[in-house]
Amino acid sequence: GFSQIPLNTDIVYPVANVTALRALTGFGIGQSFQLEGHTNAGLGGGELLCTKAHGSEVDNNSLLFVVNGFVIVRVLDGGVIAPEMCGAIGDATTDDTAAFNTLNAVIAGITDPVHVVMIQTYLANPLSSTNPIGGSYAAAFALTVSGSTVTGGGTVKIDNSVSYTAPFSAGAEHGWGIVQINANDCTVENIGFDGNGTGTTTGYDPAVVNIRWHHTQSFGSVGNHRKGNKVISNFGENFGGQSVSFQYQDSARILSNRFNGHQGMGVSVGVDPQVMFNVSHDCYDAPYPLNGNIVGGRIAFNYADGTNNGSGIDVVGCSGTEVCFNLIKNAQGAGIWIGYSVQQSQPSNNIHVHHNTLTTNAKFTGSPIAGEIVIGSTTNRADNATDILVEDNTFIIDGSSSSNADRCLIIEYGTNDVTFRRNRIKGVANSNNNFAAILHDANNLRIVNNESFLSATQKIGISSGTVNTLTVASNKGIEIDSSSTLFNNRGVLQDDGSTIFYVTKSIGTSAETV
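Just so it is clear, the structure is predicted and the values come from calculations on it, not from any experiment.

Asker: I'm lost on the overall build of the chain in this one. Help?
Answerer: For the chain, the helix and strand inventory stands at 2 helices and 49 strands. Residues counted as buried form 53% of the 514 residues belonging to the chain.

Asker: I tried to follow the environment of valine 66 on my own but got confused; where do I start?
Answerer: Mapped onto the elements of the fold, valine 66 is located in strand S4 (residues 64–67). Valine 66 sits in the partly exposed class, given a relative accessible area of 23%. Sequence-wise, valine 66 and histidine 54 are 12 residues apart; in three dimensions their C-alpha atoms are separated by 6.8 Å. If we skip the residues at most four places from it in the chain, valine 66 touches Arg22, His54, Glu57 and Asp59.

Asker: When you look at the side chain of arginine 407 in this model, what are you seeing that I'm missing?
Answerer: With respect to the helices, strands and loops of the structure, arginine 407 is situated in the loop between strand S37 (394–398) and strand S38 (409–411). One buried charge, arginine 407, has no salt-bridge partner; the nearest side chain with opposite charge is glutamate 412, at 7.9 Å. Filtering out sequence-adjacent residues up to four positions away, arginine 407 remains in contact with Gly371, Glu372, Asn434, Phe435, Ala437 and Leu439.

Asker: Sorry if this is basic, but what is going on with the pattern of salt bridges here?
Answerer: Proximity of charged atoms lets side chains of opposite charge pair with each other. Under the counting rule described, the total for this entry stands at 10 salt bridges. Lysine 52 serves as the salt-bridge partner of glutamate 57, at 2.8 Å between the closest nitrogen and oxygen. Given a relative accessible area of 38%, lysine 52 falls into the partly exposed group. Here arginine 422 and aspartate 392 are joined by a salt bridge, their closest N and O atoms 2.9 Å apart. A residue pair is termed long-range when its members are at least 10 positions apart, and arginine 422 in the loop between strand S39 (415–421) and strand S40 (424–428) and aspartate 392 in the loop between strand S36 (385–391) and S37 qualify at 30 residues.

Asker: Can you walk me through the packing of aromatic side chains in this structure?
Answerer: Any two aromatic rings considered together are summarised by their centre-to-centre distance and by the angle between their planes. This structure, assessed with the given rule, holds 11 aromatic pairs. With 5.6 Å between their ring centres and 90° between their planes, phenylalanine 27 and phenylalanine 33 make a pair best called edge-to-face. Here phenylalanine 27 falls in the buried class, since its relative accessible area comes to 6%. Relative accessible area serves as the criterion here: at 0%, phenylalanine 33 is assigned to the buried category. With centroids separated by 5.4 Å and ring planes inclined at 55°, the aromatic side chains of phenylalanine 239 and phenylalanine 259 adopt a geometry described as tilted. Highlighted residues: phenylalanine 239 in the loop between strand S19 (235–237) and strand S20 (244–250) and phenylalanine 259 in strand S22 (residues 258–260), separated in sequence by 20 residues. Across the pair, exposure class does not vary: phenylalanine 239 and phenylalanine 259 are buried alike. Over the face of the ring belonging to phenylalanine 453 we find lysine 426, whose NZ or CZ atom lies 5.8 Å from the ring centre.

Asker: Would you mind showing me how to read unusual backbone geometry here?
Answerer: Note on backbone geometry: most residues besides glycine have negative phi, and most peptide bonds are trans. Backbone geometry places asparagine 293, a non-glycine residue, at a positive phi of 55°. Assignment of secondary structure puts asparagine 293 in strand S26 (residues 288–295). With a relative accessible area of 31%, asparagine 293 lands in the partly exposed category. Phi at arginine 422 takes a positive value of approximately 55°, unusual for a residue other than glycine. A residue is classified by how much of its surface remains accessible, and arginine 422, at 39% relative accessible area, is partly exposed.

Asker: Explanation requested: the nonpolar core in the structure shown.
Answerer: Counting residues in each nonpolar core, the largest one holds 91 residues, and the members touching the most others are Phe141, Trp176 and Ile375. With 5 residues, the top contributor of residues to this core is helix H2 (residues 97–108). By size, the runner-up hydrophobic cluster in this structure holds 14 residues, among which are Phe27, Phe65, Phe70 and Ile72.

Asker: Mind showing me how you'd approach the sheet that holds strand S5 (residues 70–74) here?
Answerer: Where strands meet in a sheet, backbone hydrogen bonds hold them as pairs that are either parallel or antiparallel. Taken together, the 5 strands give an open sheet; going across it, the order is S1-S2-S3-S5-S4, and neighbouring strands pair in mixed fashion. The open sheet is flanked by strand S1 (12–15) and S4, the only strands paired with a single partner. Within this sheet the neighbouring strands show an average axis-to-axis angle of 30°, counted without direction. Pairing between S1 and strand S2 (residues 32–35): 4 bridges, direction parallel.

Analysis parameters
Residues numbered from 1 in each chain as written. Predicted model: local features only at pLDDT ≥ 70, side-chain atom pairs only at ≥ 80, totals over all residues. Heavy atoms only, no water. Helix = DSSP H or I, 4+ residues; strand = E, 2+ residues; numbered from the N terminus. Buried < 20%, exposed > 50% of the residue type's maximum accessible area, 1.4 Å probe, protein only. Contact = heavy atoms within 4.5 Å. Lys, Arg positive; Asp, Glu negative; His and termini not counted. Salt bridge = Lys/Arg side-chain N within 4 Å of Asp/Glu carboxyl O. Phe/Tyr/Trp six-rings, centres within 6.5 Å; stacked < 30°, edge-to-face > 60°. Lys NZ or Arg CZ within 6 Å of the ring centre and 35° of its normal. Core = buried A, V, L, I, M, F, W, Y, C linked by side-chain atoms within 4.5 Å. Pairing = 2+ DSSP bridges. Axes fitted to C-alpha atoms, helices over the stretch in contact; angles between N-to-C directions.

Everything listed here is a matter of geometry and, on its own, says nothing about what the molecule does.
Shown next as structure tokens:
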């Protein structure tokens, strides 16, 4: 130990690792040490200081050590802490769960903002976590002080040698992730997550245990919204669960992330969420959902290729929301769905959808929400979607024979005050030549100034229900299907350059036209 070296508080003595630190003797208060590594050289080192004789302080094997009757503390540089300071190896093969448990405890005891830096690949077993799979806040660690950050370019990788279904019964649905944000103005940036083939990515199955890994989650509550949290430039694959799950969040930012094999990144309940510049491949449900009691907000400049079940973008239960400049392709459901949130019992209104490119969506013929853009809901309500402006979008279709594929617009129950204008359709027409389908009761629909570049004239079908005031005017290559049932409708106006007709009233099973 130091018994043979004169005590000198002006000298910083090097120590190889924590094991060597615990073997020291002959030092005193005020002595400084340079820890060269927590477990391995070069990883988790830093400056240490002997501060006082040991009393009731608890050794956490990271920021505070009790050695030879003295308290030795780590001197943090700007609140920066790393898993390696808690014993992580980060070689993608050694189980680092215990280090994350230590990190979680250390963070919980810090009252200033912390900055977690993760630079390696850390293997984790969520069943051994302090916040384990199946818990309310299942994650490797929680940020509890506002202004905290997680960054560094590292990745958390799930240990696939463990069975995560064994402890649970069939039909259970559990998840675990990297970060739980229990504060405001926190940022998670440039962190990866690898499900390593262990997540359930095929949708909910009541016959099995469903494992839903997630990257970052944050839950506020009614009257206590989290504010200003950001998830930026993160990456990952094979989650099974939502990559980003935010609830009761104001001014949330989900920006420039890249996720494959996940279940979406979005916000439920909040004000002004921004979901922008993200990339998604092979998402199970909608990769970009805003769901229920959302005021304002924007979904913009995102890319999505493929869903196993859901739409590309869900805007349900939202008000004053903008959806623009997205490229959405190969969704099983709608490219964009605007409607009623069953989860939050909330309709949508004042939605602006513009300058998106939607291509070959609505692949699943059995989906009730299938079409490039679907407005309204299958729930029979009068106010599912109101005051919707859809303009300047481009649809690229592939000639699919699906009953819903290649329909650029589908009107479902409870649609009111919709303007669909200046949109363009390109690609290969299917045999049905379906441009739009009005399936249920609606009020004040305007389909104007749209243009088809397909070889055959595209049809607007009216299949059932009552449409009060439908205007179809100044479109190119698009007209009302002559076989549509018009006698239930009022105020139908079509202008295709040669014919104008106006349905005024019902007369039995026919209509009087002028």
